[in-house]
Amino acid sequence: MDKIKVENSEISVISNLAGGDYISLTDMAHSQMQEHIIFKWMSLKSTIEYLGEWELLYNPNFNYTEFGTIRNEAGSNNFVLLHLR
């Protein structure tokens, strides 16, 4: 994993085998002291649905039944995706 420096903040860059590069949105949010933006984005119903579809396609051990519970609660006012460190 490489890092680039943008306005005195280090941002991770990951290259894939097909030649594409991906930058870390988390690093970008941390650099702006805006970590809450990532938490809010991760709690959006559309984001949860996207992540579920991605897991269904690429994770053979994905627990789709348990995900259904999370998907149904996403978007409600009391839904928060927990962040554990």
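So, here's what we can say about the structure. Worth saying up front: this structure is predicted, and the values here are computed from it rather than measured. (Residues numbered from 1 in each chain as written. Predicted model: local features only at pLDDT ≥ 70, side-chain atom pairs only at ≥ 80, totals over all residues. Heavy atoms only, no water.)

Regarding the sheet that holds strand S2 (residues 9–15)
Consideration 1: Taken together, 3 strands build an open sheet; the order of strands is S1-S2-S3 and the sheet is antiparallel. Bordering the open sheet on either side are strand S1 (2–6) and strand S3 (21–23), each of which pairs with just one other strand. If you compare each strand with its neighbour and ignore which way they point, the axes differ by 35° on average.
Consideration 2: The sheet contact formed by S2 and S3 spans 3 bridges and is antiparallel. Note on S3: the bridge partner recorded for Val13 is Ile23. (Pairing = 2+ DSSP bridges. Helix = DSSP H or I, 4+ residues; strand = E, 2+ residues; numbered from the N terminus. Axes fitted to C-alpha atoms, helices over the stretch in contact; angles between N-to-C directions.)

A closer look at the pairing of S2
Consideration 1: The sheet contact formed by S1 and S2 spans 5 bridges and is antiparallel. Along S2, the bridge assignment pairs Ile4 with Ile11.
Consideration 2: A loop of 5 residues connects S2 with S3, the two strands running antiparallel in sequence, and Gly19 in this loop sits at a positive phi of about 95°.

A word on the packing of aromatic side chains
Consideration 1: Under the defined criterion, the tally for this structure stands at 4 aromatic pairs.
Consideration 2: Consider the rings of Phe62 and Tyr64, whose centres lie 6.1 Å apart with planes at 70°: the pair is edge-to-face.
Consideration 3: Between the aromatic rings of Tyr64 and Phe67, the centroid separation amounts to 6.0 Å while the plane-to-plane angle is 40°, which identifies the pairing as tilted. Residue Tyr64 and its partner Phe67 are both found in helix H4 (residues 64–73); the two are separated by 3 residues, about one turn of the helix.
Consideration 4: On the accessibility criterion, Phe67 (9% relative accessible area) is buried.
Consideration 5: Taken together, the ring pairs connect Phe62, Tyr64 and Phe67 into an aromatic cluster. (Phe/Tyr/Trp six-rings, centres within 6.5 Å; stacked < 30°, edge-to-face > 60°. Buried < 20%, exposed > 50% of the residue type's maximum accessible area, 1.4 Å probe, protein only.)

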